[in-house]
Amino acid sequence: MPVFFDSMLAVSVTPGAGWVVKDLSGAPWNLPSNAVGIIGLIVNTHASTNYLCGYRKYGSADNYTDYVYADSLVPFYCGVDVDRKIGLNITSGGTTVTFYVIGYFTDEEAVFFTNWYSKTPTVTGFSTVDCSAQIPADSVGAFFNFCNGTTVAYAGLRKMGASDVLVHYIVGHNGAIAGIDGDRKCEAYSGNTSTVKLYLVGYLKSGTIKLNGLNVSIGSTDVFVPIDLSLDAPPTATGVILHHKPTTGTAYYVAQRAVGSSDDKYYKNRYHSWYCSALGAGKTVEVKVSHLNLDTYVVGYFLPTITPSPPLLTGLSPGVGETGVAVDEPISFTLSAQGGDGVDINSVTVQIKSDIFQDGDGEFSFEGDVNSYTITVTHPDFGLEESVNVIINASSLLEEPMEELDYNFTTAMIPRAPLLVSFNPRPGQTLVDINLPVGFGVMAVGGDGVDIDSVTVQIGAETYQNGDPEFSYTGTSSEYAIMVAHADWGLEEAVAIKINASSMLGAPAVEKSYGLLTKWDPSLTRKGRGRIELFEL
Amino acid sequence: MSYDLSVLTIQENWVRQGVARYTADLELWYGRYMELPRADDVQLVVVAGDSVRRGSDVVENGYFKVRIGGSGAYVPMYADTILHFGGMYPHTKKLIGFELLVPEGAATKGYVMFELQFIIKIARLWGQYPWGMGIYGSGSGVHDFHPNKVFYRAYVFDQALWSVLQVGIAASPTYRGEDKQW
């Protein structure tokens, strides 16, 4: 990742002295031995005069100069040689022009060519810029010098496959950064193939460049406004590349700095600028514009060299295979960043049955930041005893997808009335001993257990239930065997019994109501074969 | 009422063809004041002889009907009809009612009698599994007690005989009019 200075450091260059070699290894820049290039800024404070300027890696044969317009600033990207030397050039009289160093790249994250490669578009409109001969695979972006002399012409840069049409005038020098695809290609727009020049300066090895810019335009003028990128920037991001572009043909003032920096170079933006700053605490960067017609887009972030890592899903609720889930219970889980890569909240999709929910849907809410999001998805109530399928997908900010989680859980059971069974004495039985306890079974149906406290047994005028000394039971909520003692019945007494019970979920069993007849006095017993007799009423 | 005497014969006089004759409901008891096993089923079949007088015409045509429980439909009893009373504990009763409706012009007339046979079925335990579940036979494993028999006897008038009878009735000093015959 590039190193940003707390405040940008000026490099004095004598105007009219041709290519002035500056050694940036000493104070105040102190570029280390592994520095390969700088993030620079050219400022021309003159109110009305444009000056030709140039920059090149020391040892380069490039001899290109172009204008830095009056009252304007130009971010640029330029290599330094192994001794951290750079060649800078200000045309004669350009005392109002100053080169600044905002920061530098080391050999871990960037390469700058000694001599630039011309990639000037030969057709108007968007055309492919093929850098595959210069940039190795696995690189993420390309540094350009995008120039156009003193006539305005339309120009633009975008990552291959992007839909952005961020095209506007350019004049003079413009340092640019564009994302490249796996084939090391990007697209450039030229409004005038004879004046618009595009030079490949170097390439970025680590970091992330968005496919399309993220519009983060501020809403105030002439004051620094912090732009909070915590929801977009990978947690390890240390710097951000912003692209400023007006929506009209006017050159507006722009300034950009890291939060906490006192830099305040507030000059005109002609008309594109790809400007890099360190990200401050909370992933913020400060931007000031003179007019709301100047838009700001996030191009990408500088990152340490990290391996894209999928988000880690934890805290899943309802869990895999869980049962008895409330029909209105939301789906919630936590996605945590791994290996320094952040979670891309926009990549999170939660498919509940056939409906897919994602950020922006009313049912989808989240808390946290790219380090860790806790996501909650509400949904229309499920049915009871429904097996609900949920599919969760998410990717890291570096577009590493996690393994799809496809699982099911089951909602709460449908209340099912228990069954009353195995009555002893049996309904209608006769010759029942006068002290025979009333026994029966209660069986749960469909998993909805029996609520033992709901069982009531009415024998004659008395009602017995759990807790009464006469009431005893064995078994579990899936099946109880219940026995109720009682005061002795009379001889040949017709006893009426009513039994009620409910399931745990409150479904009542069909009331069992029956009678029995106790035995008679033994003296009444008749002898003989079993027989059927008819009697007149 | 009295349980001193059980009904052995049901006698219905003055039964007229085309007019249903209902017997007042009777109590059917199984094992009254007897300590017996539970009857798994009590069945009723109507057994007729091979002559009209012995009820062959009645059972062939289902003129005789029975109902259980004091309400509901009367079930026509054919020769092969088995009416199930269901299981009964000893010393329990069910109501039983009869209907005889011989249509006009039927062969059945004059004295006709047939037998009501009540059969007690008790399943006999023929085997036992180690965990104690009783297995009950439904065929040869069922005890049939000797059927209890009750005779049903009726005197049925056809239209011709009734006309003769009506003349006599109308001439009777106790005759109270056409609509007061029964």
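Residues numbered from 1 in each chain as written. Chains lettered and ligands numbered in written order. Predicted model: local features only at pLDDT ≥ 70, side-chain atom pairs only at ≥ 80, totals over all residues. Heavy atoms only, no water.

Caption draft 1: Structural context of the overall build of chain B. Along its length, chain B carries two helices and twelve strands. Mapped from its N terminus to its C terminus, chain B presents α and β elements in the order β-β-β-α-β-β-β-β-β-β-β-β-β-α. In chain B, which comprises 182 residues, the proportion classed as buried is 43%. Looking at chain B alone, contacts between residues at least 24 apart form 73% of all its contacts between residues at least 6 apart. (Helix = DSSP H or I, 4+ residues; strand = E, 2+ residues; numbered from the N terminus. Buried < 20%, exposed > 50% of the residue type's maximum accessible area, 1.4 Å probe, protein only. Contact = heavy atoms within 4.5 Å.)

Caption draft 2: Up close: the overall build of chain A. Tallying secondary structure elements over chain A gives zero helices and 41 strands in all. Carbon and sulfur atoms provide 48% of the accessible area of chain A, an area that totals close to 21600 Å². (Areas by Shrake-Rupley, 256 points an atom, 1.4 Å probe, with all protein chains shown as cover.)

Caption draft 3: Spotlight on the confidence of the model for chain B. Residues and elements named next belong to chain B. Overall, the prediction assigns chain B a mean pLDDT of 85, with 83% of residues at 70 or greater. Contacts for the low-pLDDT stretch residues 128-134, under 50 throughout, to residues beyond four places or in other chains number three contacts. Here the prediction assigns the complex a pTM of 0.50, and the interface score ipTM is 0.84. (pLDDT = per-residue confidence, 0-100.)

Caption draft 4: Structural context of the sheet that holds strand S10 (residues 125-130) of chain A. Residues and elements named next belong to chain A. Ordered in space as S10-S15-S12-S13, the four strands form an open sheet in which the pairing is antiparallel. Of all strands in the sheet, those with a lone pairing partner are S10 and strand S13 (168-170), marking the two edges. Adjacent strand axes in the sheet meet at a mean angle of 40°, parallel and antiparallel pairs treated alike. Pairing between strand S12 (residues 153-159) and strand S15 (residues 185-190): five bridges, direction antiparallel. In the strand pairing of S15, Gly-156 is matched with Tyr-189. (Pairing = 2+ DSSP bridges. Axes fitted to C-alpha atoms, helices over the stretch in contact; angles between N-to-C directions.)

Caption draft 5: The interface of chain A and chain B, seen in detail. Listed by partner, the interface residues are 23 residues for chain A and 32 residues for chain B. The contact between chain A and chain B buries some 2600 Å² in all, and 64% of this surface belongs to carbon and sulfur atoms. A per-residue breakdown of the area chain A buries against chain B is headed by A:Ile532, A:Leu534 and A:Phe535, which together make up 33% of the total. At the boundary of chain A and chain B, one finds zero salt bridges. Taken together, the connections running from chain A to chain B amount to ten residue pairs in polar contact (both at pLDDT 80 or more). In terms of residue count, the dominant contributor to the side of chain A that touches chain B is strand S41 (residues 532-536) of chain A (five residues). When its residues are assigned to classes, the side of chain A that touches chain B shows nine nonpolar, six polar and eight charged. (Buried area = accessible area lost by both parts, 1.4 Å probe. Salt bridge = Lys/Arg side-chain N within 4 Å of Asp/Glu carboxyl O. Polar contact = N/O pair within 3.5 Å; in protein donor to acceptor, adjacent residues only side chain to side chain. Nonpolar A, V, L, I, M, F, W, Y, C, P; charged D, E, K, R; others polar.)

Caption draft 6: A look at the pairing of strand S36 (residues 462-465) of chain A. Residue and element names in this part refer to chain A. Both strand S35 (residues 450-459) and S36 contribute to a ladder of four bridges, which runs antiparallel. In the sheet register, Thr-456 faces S36, and the bridge partner there is Gln-465. Joining the antiparallel neighbours S35 and S36 is a turn of two residues, in which Gly-460 adopts a positive phi near 65°.

Caption draft 7: The sheet that holds strand S38 (residues 479-484) of chain A, seen in detail. All names here are of chain A. Spatially, S33-S34-S38-S37 is the arrangement adopted by the four strands of the open sheet, whose pairing is antiparallel. Edge strands, defined here as strands with exactly one partner in the open sheet, are strand S33 (419-424) and strand S37 (471-476). If you compare each strand with its neighbour and ignore which way they point, the axes differ by 20° on average. Sheet topology places S37 next to S38; six bridges connect them, and they run antiparallel. Of the residues in S38, the one forming a bridge with Phe-471 is Val-484.

Caption draft 8: Quick peek at the state of the cysteines. Within the structure shown, the criterion is met by zero disulfides over all chains. A:Cys186 forms no disulfide, and the closest cysteine sulfur to it belongs to A:Cys131, at a distance of 5.0 Å. (Disulfide = S-S within 2.5 Å.)

Caption draft 9: Examining the environment of A:Asn44 more closely. Residues and elements named next belong to chain A. Looking at where Asn-44 falls in the secondary structure, it is placed in strand S3 (residues 35-44). Separated by 52 residues in sequence, Asn-44 and Thr-96 place their C-alpha atoms 5.4 Å apart. With residues up to four places along the chain from it excluded, the contact list for Asn-44 reads Thr-49, Asn-50, Tyr-51, Val-68, Tyr-69, Ala-70, Asp-71, Ser-72, Thr-96, Val-97 and Tyr-267. For Asn-44, the side chain forms a polar contact with the main-chain nitrogen of His-46, separated by 3.0 Å.

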